[in-house]
Amino acid sequence: MGNRGERRNSITETEIEDKADVYLNDRDHIEVHVVKGDFTALPEKVKEFIAENVKVCRPKGIYLCDGSEEERDEITEKMVARGLLTPLQKYDNCFLARTDPADVARVEGRTFTVTKEKYASVPHVKEGVKGILGQWMGEEDARRESQNRLAGCMKGRVMYVIPFSMGPVGGALSKIGVQLTDFNYVVLSMRIMTRVSSKIWDVLGDGEFVRCFHSIGAPRPVQRKVINHWPCDPERVLICHFPDERRVMSYGSGYGGNSLLGKKCFALRIAGRIAKDEGWLAEHMLILSITNPKGEEKFIAAAFPSACGKTNMAMITPSLPGYTARCIGDDIAWMRFGEDGRLRAINPEAGFFGVAPGTSTKTNPVAMKSCMKDTIFTNVGMTEDGGIFWEGMEKEVDREKPITTWLGDKWKVGMEGKAAHPNSRFCCPASNCPIIHPKWEHPDGVPIDAIIFGGRRPEGVPLVYESFDWQHGVMIGASLKSETTAAAEFKGKQIMHDPMAMRPFLGYNFGDYLQHWLDVDQPGRHMPKIFHVNWFRLNEQGKFLWPGFSENVRVIDWICRRVDNEDIAEPSPIGLLPKSGSICTEGLSGISEEELFSVPKDYWTEDIKETKQFLIDQTGCDLPSVILDELNKQQERIENM
Ligand code: GTP
Ligand code: SPV
Ligand code: MN
């Protein structure tokens, strides 16, 4: 930190005027203090990107992040002094942040894709139907709505410039982004979730990068009362994606996917479009490997909607002896077919932003170990001795001792109300994970043997089934549904369609997306088998039929044996089901195969009808005929069962 003083310099007036001449089309005199870093050494395109936004947002200074630990410590110290972060004494370098309670989840209703042509972003929905597969905004509206919000939005604040790589720096499957933000919490979180480093500038050179703009929308002096030292503008949140320009504009929220733009905005929505253009896949999937007692290792990618178990499965502690699981990623997979015809996946992220409630030493000990150091917790409860607490940890704390809830209230286990917000999260480096795969940062990725879809389905849906082939598998993914969760702004539990677990993260027309999935099936390629799982089926008393968590290895094992073409499956109208007794249930009590695997005709008759109607209504003429055929065939099989 020694030479911080010496590094202070300014963008000179001439530099800014040069930019103004070329890029800004007028001659306002913008002077901005460079708090840290050497502006003159940045790639030209990055200078332009910064200058344009300085001109509009009027920050009091710019801070070029280098990703170093000194930088982390300097920013952390300031945030602790301000009160935005509370050190958690019980652990090493861990902190608690509490948001303004109005800013706690992704805001899907205010998230848009902006393209000249509407149907590049969203499908042709049937007349009178409200489309839920993405939201489009026209370019003119986006320009006006942005201008309304961004003019002067960083006054009195520092604009941080974050160079980051999604995927290992310089890797063939990796991509570079630059995020501008006026929120230091975002800087600290981004350096956990992505690879932030000044090396990025060298790798970038005059190449392309994804332009990520973020502002909390709270210029000083603030207009809105700041709660919990968490400035934001929740009433005017707006998140726009410009896939043609590879650009993101996020305003008003500091939380999660709204503000850590490398995650959903870049790695799913923008990357989804890049992937379509370049012939690969950007998906809401965990990646894990499982090694059986014979020492055979397989790699699996699994797509479950938000808060439906990806982090848990990615870090599974297998209950069966002799099995080893290792984690490559818990939320996003970028997958591309290699020369050898195998599908290879990388985890573009560098950290976990995991759901806290429900995580415990019993359900996910690996996640608990991962967040014992260098972690930022947001909206969880805190114990008297500077430890964490959330729903699900009741057995891990002294029930008599008071807990401070995420809202700052005093509270005890057993009392009414909740200690943590249902979408409270831990943000920790993936390298903390005790079972992280040695190849998790390999630039070539890992070869995927199986793809799994799944959701929270309390009724009717078997524990596991396999698709008949790739096309049928894509139809199963397109038909994915789940009970809503707290990761977005929805209230109450309802079964909602979440095709491919991507409904909130689509960056282009969902019909084209499905066609893209069909198109990657090409001769000479080794297509992974596709499965569907459901850990959440309930019995008549409303209890889970399946113990889940570490016991899910039994299902994973069945899947791996199917990858090896073992004769343990039999056809049903909805796909291949495990033959009786082929899933190991030894050591489990009260398991009813009958209840777990039944395919009730009435339920599925209604389900296929509803799903087909949904896809027809929502994607209209964009629905690939292959998918419609698959739906019709499935309907016929169900009718004839
Ligand atoms: P995002 O980070 O939002 O994308 O979510 P995720 O898919 O990673 O979800 P996560 O693994 O964090 O799971 C969230 C919730 O699902 C937690 O409350 C878990 O306790 C619960 N859960 C996960 N796996 C199982 C399971 O096998 N059985 C049951 N019953 N619950 C589970
Ligand atoms: C999800 O909602 O799927 C998440 C959390 O992974 S967030 O990054 O906030 O989108
Ligand atoms: Mn997610």
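Residues numbered from 1 in each chain as written. Chains lettered and ligands numbered in written order. Predicted model: local features only at pLDDT ≥ 70, side-chain atom pairs only at ≥ 80, totals over all residues. Heavy atoms only, no water.

### A closer look at the site of ligand 2
Put simply, the test is: When at least one non-hydrogen atom of a residue lies within 4 Å of a molecule or strand, that residue is treated as near it. Distance and chemistry together define a polar contact, namely a pair of N or O atoms within 3.5 Å, with one atom able to donate a hydrogen and the other to accept it when in protein, and with adjacent residues in sequence counting only for side-chain atoms on both sides. Residue-level accessible areas treat just the shown protein chains as cover; the underlying method is Shrake-Rupley with a 1.4 Å probe. Working definition: helices are DSSP H or I runs of at least four residues, strands are E runs of at least two. Numbering for both runs from the N terminus. Charged means Asp, Glu, Lys or Arg here, nonpolar means Ala, Val, Leu, Ile, Met, Phe, Trp, Tyr, Cys or Pro, and polar covers whatever is left, Gly included.
Near ligand 2, the surroundings consist of twelve residues, among which Arg 106, Gly 257, Lys 263, Lys 264 and Ser 306 are the closest. Measuring from an oxygen atom of ligand 2, one finds a side-chain N or O atom of Ser 306 at 2.5 Å. Notes on ligand 2: free accessible area 290 Å², of which the protein chains cover 98%. Those elements that place two or more of their residues in the shell around ligand 2 are helix 9 (256-259) and helix 10 (262-278). For the shell around ligand 2, a count of residues per class yields three nonpolar, four polar and five charged.

### Here's the deal with the sheet that holds strand 27 (residues 446-447)
Spelled out, the test is: Strand pairing requires that DSSP identify at least two bridges connecting the strands. What makes two residues a contact is simply this: any of their non-hydrogen atoms within 4.5 Å. Geometry is summarised by axes, namely lines fitted to C-alpha atoms with helices restricted to the contacting stretch, and by angles between N-to-C directions that run from 0 to 180 degrees.
Strand order in the open sheet formed by four strands is 14-18-19-27, and the pairing between neighbours is antiparallel. Each edge of the open sheet is held by one strand with a lone partner, namely strand 14 (281-283) and strand 27. Pairing between strand 19 (residues 343-346) and strand 27: two bridges, direction antiparallel. If you follow Ala 345 over to strand 27, its bridge partner there is Val 446. Of the strands in this sheet, strand 14 and strand 18 (333-337) are in contact with helix 10, which crosses strand 14 at around 160°.

### A short note on the site of ligand 1
Of all residues adjacent to ligand 1, which total 21 residues, the nearest are Ala 307, Lys 310, Thr 311, Arg 425 and Phe 549. For ligand 1, an oxygen atom lies 2.8 Å from a polar atom in the side chain of Arg 425. Asn 552 places a side-chain nitrogen or oxygen 3.0 Å from an oxygen atom of ligand 1. When the free accessible area of ligand 1 is taken as 660 Å², the share hidden by the protein chains comes to 92%.

### Re the UniProt feature "domain: Phosphoenolpyruvate carboxykinase GTP-utilising N-terminal" (unreviewed entry) in the protein chain
Rule in force here: UniProt positions are given in the numbering used here, feature names are shortened, and annotations may be inferred rather than shown by experiment.
Those residues carrying the UniProt feature "domain: Phosphoenolpyruvate carboxykinase GTP-utilising N-terminal" (unreviewed entry) are residues 48-275 in this numbering. Regarding residues 48-275, the helix share stands at 32% and the strand share at 21%, and the terminal C-alpha atoms are separated by 26 Å.

### Some words on the side chain of Glu 630
Structurally, the position occupied by Glu 630 is in helix 18 (residues 625-639). If we ignore the near neighbours within four places in the chain, the residues touching Glu 630 are Asp 469, Gln 471, His 472 and Met 475.

### Thoughts on the state of the cysteines
So the rule is basically this: Only a pair of cysteine sulfur atoms within 2.5 Å qualifies as a disulfide here.
Within the structure shown, the criterion is met by zero disulfides. Among the cysteines around Cys 240, which has no disulfide bond, Cys 265 carries the closest sulfur, lying 10 Å off.

### Points about the sheet that holds strand 22 (residues 381-383)
Taken in spatial order, the four strands make up an open sheet running 23-22-24-25, and their pairing is antiparallel. The open sheet has two free edges, formed respectively by strand 23 (388-389) and strand 25 (410-411), since each of these has just one partner strand. Two elements, strand 24 (residues 403-404) and strand 25, share two bridges in a ladder whose sense is antiparallel. Among the inter-strand pairings, Ile 403 is bridged to a residue of strand 25, identified as Trp 411.

### Regarding the pairing of strand 32 (residues 529-533)
Condition: When accessible area is computed with a 1.4 Å probe and restricted to protein chains, residues below 20% of their type maximum are described as buried, those above 50% as exposed, and intermediate ones as partly exposed.
In terms of residue burial, strand 32 counts as a mostly covered element, since four of its five residues are buried. Strand direction decides the pairing type here: strand 28 (residues 450-454) and strand 32, joined by five bridges, are parallel. Each residue of the ladder has a partner; that of Phe 453, found in strand 32, is His 532. Sheet analysis places strand 29 (residues 464-466) next to strand 32, joined by three bridges and oriented antiparallel. Note that in strand 32 the partner of Glu 466 across the bridge is Phe 531.

### Focus: the pairing of strand 28
Within strand 28, five of the five residues are buried, leaving the element largely enclosed by the surrounding structure. Side chains Ala 450, Ile 452 and Gly 454 of strand 28 all project onto a buried face; the interleaved residues Ile 451 and Phe 453 project onto the opposite face, where all are buried too.

### With respect to the coordination of the manganese ion (ligand 3)
Which entries qualify depends on this criterion: Think of the donor list as every N, O and S atom within 2.8 Å of the metal, or within 3.2 Å for Na, K and Ca; water never makes the list, so a site can look incomplete. Square planar and octahedral assignments, for four and six donors respectively, both demand that opposite donors be over 155 degrees apart and that all other angles lie between 65 and 115; tetrahedral needs four donors with all angles between 85 and 135 degrees, and anything else is irregular.
Only Lys 264 (NZ), His 284 (NE2) and Asp 331 (OD) from the protein reach the manganese ion (ligand 3) as donors, at distances of 2.2 to 2.3 Å. Its six donor atoms give the manganese ion (ligand 3) angles of 75 to 175° at the centre, a pattern that matches the octahedral case. By relative accessible area, Lys 264 is classed as buried at 6%. What makes Asp 331 buried here is its relative accessible area of 9%.

### With respect to the environment of Thr 378
Considering the arrangement of structural elements, one finds Thr 378 in strand 21 (residues 376-378). The exposure class of Thr 378 is buried, given its relative accessible area of 0%. Through-space distance from the C-alpha of Thr 378 to that of Val 520 is 39 Å; in sequence the pair is 142 residues apart. If we skip the residues at most four places from it in the chain, Thr 378 touches Ala 97, Thr 99, Tyr 185, Tyr 255, Ser 424 and Arg 425. In this structure the side chain of Thr 378 is engaged in a polar contact, spanning 2.7 Å, whose partner is the side chain of Tyr 185.

### Observations concerning helix 17 (residues 601-619)
Stated precisely, the cut-off is as follows: Expected helix span is taken as 1.5 Å per residue step, with the number of steps being one fewer than the number of residues.
Spanning 19 residues, helix 17 covers 27 Å between terminal C-alpha atoms, matching the ideal 27 Å at 1.5 Å per step. Three or more residues of helix 17 are buried, namely Trp 604, Asp 607, Ile 608, Thr 611, Lys 612, Phe 614, Leu 615, Asp 617, Gln 618 and Thr 619. Summarising the contacts, the buried residues of helix 17 are in contact with strand 29, helix 13 (470-478), strand 30 (481-483), strand 31 (495-497), helix 14 (510-519) and helix 18. Backbone geometry just after helix 17 places Gly 620 at a positive phi near 45°.

### Points about the domain arrangement of the protein chain
To be explicit about the condition: Either an automatic procedure or a domain database provided the assignment from which the domain bounds are taken. A simple way to read buried area is as the amount of 1.4 Å-probe accessible surface that goes missing from two parts once joined, with both sides added. Salt bridges, as used here, are contacts in which a Lys or Arg side-chain nitrogen is within 4 Å of a carboxyl oxygen on Asp or Glu.
Along its sequence, the protein chain is carved into domain 1 (13-81 + 110-251 + 259-276) and domain 2 (282-351 + 438-599). The centre of domain 1, based on its C-alpha atoms, is set 33 Å off from the matching centre of domain 2. With 33 residues of domain 1 at the contact, the number on the domain 2 side is 32 residues. Summed over both partners, the interface of domain 1 with domain 2 comes to about 2,800 Å²; 62% of that surface belongs to carbon and sulfur atoms. For the pair domain 1 and domain 2, the number of links is four salt bridges.

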